[in-house]
Every structure is written in structure tokens, then in C-alpha cells.
Amino acid sequence: MNLQLLVSGIAMGFIYAMVSMGMVLIFRAVNIVNFAQGEFLMFGGYFCYMFNRQLHLPIVPSLILAALAMGVVGVIFMFTSYWPLRNAQIRAIVVSAMGASIVFKEGARLIWGSIPVTVDRVVKGTTLIANTAVVQWQNIAIIGISFALIFFVYLLLERTFIGNIMQATAQDRYMASLVGIPVVLSIALTFALSAFITGVGGGLLAPLFFLNNTMGYTTNAKAFAAVVIGGFGSVPGAVIGGLLVGLIEAFGGAYISTTYQLVIIYVVLVFFLMFRPQGIFGTRIQEKA
Amino acid sequence: MVNRQINLKNAVFAAFILALCLSVPGFTDSYMLRVFNIAWITCLCVLSNYVLLGMCGQNSFAQAGLWGVGAYITANVVMKLGLPPLVALILAGLGSGFLAFVLGFAFFRLRAYYFTFASVGLMTILNGLFMNWTPYTGGALGISNVPSFSLGSLVVKTEKANYYLIFVVCVIAYLLIKKLYNSALGRSFMAIRDNEMAANCLGINSLLTKSIAFGITGILCGVAGALYAFLSGYLSYQTFTYQQSTMYLIMLMLGGTSAPSGAVIGTMIISLLQEWVRPLQNYMQLFYGLGIVLLMIVQPEGILGGGRALYEKWLSRRKPASTVAQ
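Please read all numbers here as calculations on a predicted model, not as lab measurements.

Helix and strand content of chain B: 16 helices and two strands. Against the compact-globule benchmark of 20 Å for 326 residues, chain B has a radius of gyration of 21 Å, which places it among compact chains. C-alpha extents for chain B along the principal axes are approximately 70 × 50 × 45 Å. Counting over 326 residues, chain B shows a buried share of 46%. In chain B, the proportion of contacts linking residues at least 24 apart, taken out of those at least 6 apart, comes to 76%.

Structure follows, in C-alpha cells:
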């Protein structure tokens, strides 16, 4: 029972890690918390459904196609909801992202309907671990694929030229433009990467929980919690935070109450904010006058 | 002389708006009147958001939760304790305000974004309580048959009577916020909004001041909750959601954060817009979302900011030498 919970908790944790990692990428690049990140997950899942069930492709190619399509959606999102507002107050951008999340939600309902849908599993069936725990292969597939993707994105950011460009833009946009970095492209690439990684999460999640057009809000809420628990703006922090949220959800749901799941996560979040506001990986930034 | 003219103009304008608002029940059917009633209740919450965000610069998503606290306090006080509705109204305001004030001390140890997250947390926790704490909130079934507002033998039962009650409360709240704007407390709110460190250096206790702002938000939302309970008679956890809080923010940003009238304009436009785009049915929400994004792109300062810029342009074109003459 506990082992089973552990595996499913970690699998869900990796999904949240992908969402919160996407959120952190955007936050680092443009200093904005993206209130439409959960909708990226929902949209990615629906794209996967479209390729898998409506166009009858196998699941792995449809996951890849869905992720690429999400990259395009990310760029469109950036050019419509962020770029025209880049010099406005932060809260104007927050409101525009909220408007965009309504558009995403309603767009999904109009295109794919409001009946919950699902996609194929990457690996079917269940397996027995340590002779006691029945674990779905899909959970293990989620853990493997997301770990690989997160590692890949991390390498891309830390070890490659493109990653350096993105980090330079994130640190100081003006300075980056002075040394000849195309800032628009770099930011667009960050949004694309963020939507890409979150969208894969949607496709992986769909076989376990049905997709519906309102799932973005709860996901977003949990990703917020993961980002803050991990440490704001830290990529490893987002991953650890996501895993923690997944585990709290699994064990809290089993031992305390399933109806209070989100409440338990947020109580943990509030405690974190009280006693370690910088999160696990964050460093306290001195406020400038 | 010029000042007196402007004052007279303002007074005439205010009287006109007041007359227009008071005559609303005269030309609307009861369905539209209910829409207006809900809009004015929402307006109280958006005004509370104005105090916190527009004056004090703190963005919170907990308003709908505090609104719910007010509503559930009212229902419990009237139905379980059997106290008169007026007492319930006051208790709802005080209870919700006290909750916000006390939590403010904890939450405002966090700055900017972190406070916003904590408020999302509070909203989620409150909504979880509304849904699951059956003895006091009725759980998933909610509370039905909350009695109407009454004062002695005067019972406010019809839609029309409710309209006047809610409108009067709104006007009182509006005037109090206007008063607050010019008071020392209001000035210290704005000092914190513009630069918290500088405000601290001037001797403002920013933790206490921000908590007071959050407390005022709580009071306004609590009163709005009580009015909602009296009006609708039925409370469900599905009303008091995070989405509702985001709506308040959208309304305020749409109207403009520079003056309380922005909150009123934004609320009225969005509430009525939802009714006007109803013929679009399936596409209604889609256009609504697109409209928000477009409005933010075209006018990030809100309608009030845009209107003011237009007005100043017009003034300077009409009287280019007016400043010199004075």
C-alpha cells in the first residue's frame, strides 16, 4: 500500500514538476508568474487526444506532435498576451494571462467538447513490485519520460549556447540586447520550451485522469504551491517542490482525507511561507530601495 | 472661482449618477434587477479590492473567501442563534474583517508575489472548509432558506427593496473609501504602495498598516456576503471560488485602479457585459476572455486611466493657456 502510494505520488509529482518547471522558466525570463500554465497542461493533453484518438496515430508520435504543437501555442501566447504588455504594470500582464486562460478553457470546450476524454497509455498493464505493491506501468513510464525531459531541459539551459542566451536574457534583458542577443527570439524560445514541457505532462496524465477543460485551475494551484515550496525562480527547486506536492497529495489523500487534498497542500504552503519564505532552494534576496 | 465651478459641476454630475442609479428599478424587469443587485454586491467586493490593490498595492485573491465567510456567518447567526438580521450584518462584517486583520499579520511578513500566493492558499483553504465543514456550512448541499433582511417590522423581501438596501450600503462604503483616501491612514497606504522602504523610513509601521488594509477588505467583503445571503437565501460553496476572486481583479483592472469610481465602472461593465453577450451563448465565455486580453493590451491603465488621458488631451487642446492665466 505505501509503496504503491509512493510510486503514484512520485509519478504525479513529476507531472506537477513539469508544470512548475514551465512556470519557473517563464518567471525567470520575464519576471511574470504565468497564470495560464495549467491551461498549457490541459491543451497539451487535448492535442495528444486529437492526434491519438481523432487521427489514430500511436501514442508516442502523438505525444511528440502534441508537444511540438504546444511549443507553437506557447509562442502565440507570448506574442498575444505578454509581448504587447511588456512595458505595462505587472498586474496588467497577470490579468491578461487570466483572460488568456479563459480563452484556452473555452477554446478547448468548443473544439473538443466538454465530455471528459482520455488517450492511450504509453505502456499498458500493471506490474508487481516487491511482491506486495501493484503498480501501473503508466506511472513508471511517467517517471521515466518526465525525468528524461526535465534532465534534457536542464542540460539545455546549463550546458548549451541557446541556454546561455536564455539565461542572459533572464538576468538582464537590456544588457543582453547590448551584446547582440535577439531578446524577442530568446523570450519566445523560453515560452515555447515552457509550453512544450508542460504539454507533454498533459499527454502523460490523460490516461490516469480523464481530460476536461476545467482541469487547468487545480493544476495551476498545485504548481503554484510546488514553485513556492521549492524556492521561487529555481529550476531544481521547482522539481523538488513538484515531487513534494505529489507525495503530500498521495499520502494526505490516503491517510487524512481525499476531500481536503488541496487544502492540505495549501496548509503546507502557508507554513512554508511563514517559516521559510524563500523555499527549499531559494536564497534570500536583499530588497533594493 | 474656478474651483467652485468645478465643485458645482461635480455635484451636478454626482446627483445625475445617483438619480440614474435610483431609477434603475423603475425600468427593469425582475430578472435584470437581480443582475443589478448581484452587480452592486460584487461592487462592494471590488471596492474592497480597490482599497487593498489600488491604494495599498497588495494583490490578494482571497476576497471571494472572505465574502463567503461573511455569508456563512450571517446564515449561522440568523438561523442558529436567532439574532436579528442587522446584528448578523454587523457581525459578518466584523468577523470577516477580524479574520483578515489577524491573518494579515502572518501573511504580510511576505512581500509582493509571496503574499499573493498566501492569499490564493487562504482562498483554497476557505473554499475547502465551505465544502466540507458540514455542521456550519451545510457541506456540499449548502444552506438554504436564509431569511430576508428585516429591521423591526420592516421586511426587505422584494427585489426592489433589496436593490435600495444594497445600493445604500454601496454608497456608504464608497463615501467612506473617499474619506479614507484623504485621511492619514489612506495616505500611508499609498506611501506603502509607492515605496515600502521609504514609507518605513517615514515612520509608518508597514506590517500594521497593511494588515489594517486587509482588515478593511475583510469588513467590506463580509458585509457584501451578508447582503448576498439575505438576497439569495441560498449559499453554496460553488459561489465562493478562486475564479470569483480573479473576476474581482479583472473588474478592478478593467475600470482602473486610480480611483474608487474605477471599481464601480469595471464592475458594472463586466456584469452587464455578461448579460449582453448572452445571445452569443456558446461563444460567450470565449469572447469574454478575448475581450479581457484585448482591453489590457489597448488600455493597461483601465477605462478610468484611458478616459482621464483623453480628458486631459481635450482640456489642453481647448484651453492651451489655462495654466498661464491662473
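Often, the extent of an interface is quoted as the loss of accessible area upon association of its parts. Contact residues are listed per partner, giving 31 residues for chain B and 36 residues for chain A. Of all the elements in the fold, those that place two or more residues in the side of chain B that touches chain A are α6 (112-132), α12 (242-255) and α14 (284-298) of chain B. At 11 residues, the largest contribution of residues to the side of chain B that touches chain A is made by α6(B). Within the side of chain B that touches chain A, the residues separate by chemical class into 22 nonpolar, nine polar and no charged.

Look at helix α9 (residues 215-230) of chain A against α6(B): their axes get within 11 Å of each other, and the N-to-C directions meet at 135°. Taken together, the axes of α9(A) and α6(B) are oblique relative to one another. Relative to α6(B), the crossing made by α9(A) is left-handed. Listed contacts from α6(B) to Ala221(A), Phe224(A) and Val228(A) of α9(A) are Phe117(B), Val120(B) and Thr124(B). Taken together, the residues of the contact of α9(A) with α6(B) break down into five nonpolar, one polar and no charged.

Here we come to the environment of Ile216(B). Within the element layout of this structure, Ile216(B) appears in helix α11 (residues 206-232). Each residue touching Ile216(B), except ones within four places of it in the same chain, is listed here: Ser48(B) and Val51(B).

With that settled, the discussion passes to the packing of helix α6 (residues 161-171) of chain A against helix α8 (residues 183-205) of chain A. Residue and element names in this part refer to chain A. Look at α6 against α8: their axes get within 9 Å of each other, and the N-to-C directions meet at 105°. In terms of axis orientation, α6 runs roughly perpendicular to α8. For the pair α6 and α8, contact is made by Ile 162, Ile 165, Met 166 and Thr 169 and by Val 183, Ser 186, Ile 187, Leu 189 and Thr 190, respectively.

What follows concerns the confidence of the model for chain B. Caution applies to low-pLDDT parts of the model: their predicted coordinates are not meant to be read in detail. All names here are of chain B. When the pLDDT values of chain B are averaged, the result is 84; 96% of them are 70 or greater. Across chain B, α11 holds the top mean pLDDT of 91, while helix α16 (residues 322-325) sits lowest at 48. Scored as a whole, the predicted complex attains pTM 0.82, and scored at its interfaces, ipTM 0.79.

A few words on α8(A). Between its first and last C-alpha, α8(A) extends 33 Å over 23 residues, near the 33 Å set by a 1.5 Å rise per residue. Extensive coverage of α8(A) is indicated by the burial of 20 of its 23 residues.

What follows covers unusual backbone geometry. Phi is positive for His56(A), close to 60°, though the residue is something other than glycine. Although it is not a glycine, Asn145(B) adopts a positive phi angle of roughly 60°. Locating Asn145(B) in the fold gives a position in the loop between α7 (134-137) and β1 (149-151).

As for its placement among the helices and strands, Val33(A) is situated in the loop between α1 (2-30) and α2 (37-54). With 83 residues separating them along the chain, Val33(A) and Pro116(A) place their C-alpha atoms 28 Å apart. Residue contacts for Val33(A): discarding those within four places in its chain leaves Met23(A), Phe27(A) and Tyr113(B).

Cut-offs and rules
Sequence order sets the numbering: in each chain, residues are counted from 1 along the sequence as written. Here every chain gets a letter starting at A, and every ligand a number starting at 1, in the order they are written. For a predicted model such as this one, the threshold for reporting local features is a pLDDT of at least 70, and the threshold for listing and counting side-chain atom pairs is 80 or more; totals across whole chains, interfaces and linings nevertheless cover every residue. For helices the rule is a DSSP run of H or I covering at least 4 residues; for strands it is a run of E covering at least 2, with both sets numbered from the N terminus onward. Atoms counted for the radius of gyration: C-alpha only. Globule rule: 2.2 Å times the number of residues to the power 0.38. Neighbour density around each residue's C-beta defines its exposure: 20 or more other C-beta atoms within 10 Å make it buried, 12 or fewer make it exposed, and counts between make it partly exposed, where C-beta atoms are placed from the backbone. Residues are treated as contacting if the C-beta atoms built from their backbones sit within 7 Å of each other. In this classification, Asp, Glu, Lys and Arg are treated as charged, Ala, Val, Leu, Ile, Met, Phe, Trp, Tyr, Cys and Pro as nonpolar, and every other residue, Gly included, as polar. Inter-axis angles, ranging from 0 to 180 degrees, are taken between N-to-C directions of lines fitted to C-alpha atoms, where helices are fitted over the stretch in contact. Reported orientations rely on four angle classes, namely roughly parallel under 35 degrees, roughly antiparallel over 145, roughly perpendicular from 65 to 115, and oblique for the rest. Should the near helix be turned counterclockwise from the far one by less than a right angle, the crossing is left-handed, whereas a clockwise turn marks it as right-handed. How sure the predictor is of each residue is captured by pLDDT, a score from 0 to 100. By definition here, a helix of n residues has an expected span of 1.5 Å times n minus one.

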